[in-house]
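Take a look at the letters that make up each chain.
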Amino acid sequence: MRRYARITGTGSYLPPRRLTNNDLAAELAQHGIETSDEWIVERTGIRARHFAAPDVSSSDLALEASQKAIEAAGIGAQDIDLIIVATSTPDMVFPSTAAILQHKLGITNGCPAFDVQAVCSGFVYAMTVADSMIQTGAAKRALVVGSEVFSRILDFNDRTTCVLFGDGAGAVILEASEEPGILSAELHADGSHVGILCVPGNVSGGKVLGDPLLKMDGQAVFKLAVSVLDKAARAALEKAGLTDADIDWLIPHQANIRIMQSTARKLKLSMDKVVVTVDQHGNTSAASIPLALDHGVRSGQVQKGQTVLLEGVGGGFTWGAVLLKM
Ligand code: ACO
């Protein structure tokens, strides 16, 4: 009998400081940067985002989201035997945010804990790794988290990027089960596109080298995202022997409502089958999918037994899809 990895609990957390487009526009105006609610809503669908306080790190957001997921799964933290955190804004160069999270959760069982770096595809990558480890018997009960403080790497002098992103975390508990859970997964990367979306800095000799703020060629990212997401979705469906008609919910990376609308159109899905949180969260990179999933579950939209397609795309260029039964 096949051993599946099934989601048994979800959780998410947004830092309390919420900025509407008008709030952000007012702050940027103080530095001579001009933007407007109208421009941001029309091009992206974003209306608000949350920013973490300066002393709050990815592991702090991850902790809040994880505690909710653990509670929803009805388990104890010590029952977790694998922790994977997807993040591009880790607490430190090392150790991993996952190891820091393990300690903050009070887990003392020595379970493996590591980060996955695939930018906005990070959660889909992390779910796929956890699924593989559960299928092989290497893990029984995994905590998979996407957590970001993207506000730390934004260039607030660049209005083409700083209006797009926000901070937050989402988490799931994935448990070994005979009942269907993750049905198929599809991961890809193409490193030839490194330059279209990157934070081109690093730490060397005690100094930051390069420019450690986000750079993006928005139009190039848009075109690539739209073309690869459809292919990944179809490949994941084909592997599971399903078609687009079998999808109850599409939960894509929440970058831009226009990318999401285009993906839904190609899959012949109406927008009322798409969980949308980009309007309230902005783009929270690796956290966006688990944040949207938790929103879908807690709002009663996404229900047990339904077929859900998660789709990620981001810097690298990376992309992928995970098809699952809730
Ligand atoms: N406020 C007001 N005006 C702006 C702003 C802003 N915040 N940003 C740019 N503009 C202006 C530009 O200066 C330009 O003015 P000009 O015509 O006078 O030169 C005009 O708006 C159009 O700029 P474009 O960059 O061509 O705008 P575009 O329609 O391409 O929209 C956007 C930009 C929203 C970034 C779009 O390219 C996009 O959605 N790309 C997808 C990328 C994305 O979603 N990335 C998220 C991260 S990647 C990921 O998560 C996968």
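Everything numeric in this text was worked out from a predicted model, so none of it was measured.

## Side note on the domain arrangement of the protein chain
1) Next: Looking at the assigned domains, one finds that the protein chain contains domain 1 (4-177) and domain 2 (182-325).
2) Next: Taking only C-alpha atoms, the centre of domain 1 and the centre of domain 2 are 14 Å apart.
3) Next: Opposite the 55 residues of domain 1 that make contact, domain 2 presents 48 residues.
4) Next: Taken together, domain 1 and domain 2 are joined by 0 salt bridges.
5) Next: In this structure, the connection of domain 1 to domain 2 is made through 22 residue pairs in polar contact (both at pLDDT 80 or more).
6) Next: Among the secondary structure elements, those contributing two or more residues to the side of domain 1 that touches domain 2 are β1 (4-13), α2 (37-44), β3 (48-50), α3 (58-73), α5 (122-136), β6 (141-149), α6 (159-162) and β7 (167-177).
7) Next: It is β1 that contributes the most residues to the side of domain 1 that touches domain 2, 8 residues altogether.
8) Next: A class-by-class count of the residues in the side of domain 1 that touches domain 2 yields 26 nonpolar, 17 polar and 12 charged.

## Here we look at the sheet that holds strand β14 (residues 307-314)
1) Next: Overall, mixed pairing links the 4 strands, which are arranged β8-β15-β14-β13 in an open sheet. Here the strands that pair on one side only, and so sit at the sheet edges, are β8 (182-189) and β13 (249-252). On average, adjacent strands in this sheet sit at an angle of 10° to one another, irrespective of strand direction.
2) Next: Across the face of the sheet, helix α10 (residues 288-298) comes into contact with β13 and β14 while running at roughly 145° to β13.

## A short note on the side chain of Glu311
1) Next: Tracing the sequence through the fold places Glu311 in strand β14.
2) Next: Contact partners of Glu311, with chain neighbours within four places excluded, come to Val124, Leu229, Asp230, Ala233, Leu250, Ile251, Pro252, His253, Thr263, Ile289, Gly320 and Ala321.

## Quick look at the nonpolar core
1) Next: In this structure, Val163, Leu250, Leu267, Leu309, Val313 and Phe317 are the most contacted members of the largest nonpolar core, which totals 47 residues.
2) Next: For this core, the elements supplying multiple residues, two or more each, are α1 (21-29), α7 (218-239), α8 (257-266), β14 and β15 (318-325).
3) Next: Of all the elements, α7 adds the most residues to this core, at 10 residues.
4) Next: Mapped onto the domain boundaries, this core takes at least three residues apiece from domain 1 (4-177) and domain 2 (182-325).
5) Next: Excluding residues that lie within four positions of it along the chain, Val313 makes contacts with Cys120, Ser121, Ala225, Val228, Leu229, His253, Thr318 and Trp319.
6) Next: Core analysis: the next-biggest nonpolar cluster, separate from the first, contains 34 residues, Ala5, Ile7, Ala126 and Leu293 among them.

## Some details on a nonpolar patch on the surface
1) Next: Nonpolar side chains collect at one region of the surface, where Val93, Phe94, Val203 and Val208 lie side by side and expose about 480 Å² of accessible area between them.
2) Next: Counting through the fold element by element, Val203 comes out in strand β10 (residues 201-204).
3) Next: On the basis of relative accessibility, which here comes to 58%, the residue Val203 falls in the exposed class.

## A closer look at the site of the ligand
1) Next: What surrounds the ligand is a group of 24 residues, the closest being Thr35, Arg43, Gln219, His253 and Asn256.
2) Next: Contact between the ligand and Thr35: a nitrogen atom at 2.7 Å from a side-chain N or O atom of the residue.
3) Next: Here an oxygen atom of the ligand sits 2.4 Å away from a polar atom, N or O, in the side chain of Asn256.
4) Next: Protein contact buries 74% of the 1,000 Å² of open area that the ligand shows by itself.
5) Next: Looking at the shell around the ligand, the elements with two or more residues in it are α2, α6, α7, α8 and β14.
6) Next: Among the elements that take part in the shell around the ligand, α7 stands out by supplying 4 residues, more than any other.

## A look at helix α4 (residues 97-104)
1) Next: Where α4 is concerned, the buried positions are Thr97, Ala98, Ile100, Leu101 and Gln102.
2) Next: Buried residues belonging to α4 abut α3, β4 (82-86), β5 (113-116) and β6.
3) Next: Positive backbone phi, at 75°, marks Gly106, one or two positions downstream of α4.

Criteria and thresholds
- Residues numbered from 1 in each chain as written.
- Predicted model: local features only at pLDDT ≥ 70, side-chain atom pairs only at ≥ 80, totals over all residues.
- Heavy atoms only, no water.
- Domains from an automatic or database assignment.
- Contact = heavy atoms within 4.5 Å.
- Salt bridge = Lys/Arg side-chain N within 4 Å of Asp/Glu carboxyl O.
- Polar contact = N/O pair within 3.5 Å; in protein donor to acceptor, adjacent residues only side chain to side chain.
- Helix = DSSP H or I, 4+ residues; strand = E, 2+ residues; numbered from the N terminus.
- Nonpolar A, V, L, I, M, F, W, Y, C, P; charged D, E, K, R; others polar.
- Pairing = 2+ DSSP bridges.
- Axes fitted to C-alpha atoms, helices over the stretch in contact; angles between N-to-C directions.
- Core = buried A, V, L, I, M, F, W, Y, C linked by side-chain atoms within 4.5 Å.
- Buried < 20%, exposed > 50% of the residue type's maximum accessible area, 1.4 Å probe, protein only.
- Patch = residues over 30% accessible without salt bridge, like charges linked within 9 Å, V, L, I, M, F, W, Y side chains within 5 Å.
- Areas by Shrake-Rupley, 256 points an atom, 1.4 Å probe, with all protein chains shown as cover.
- Near = heavy atom within 4 Å.

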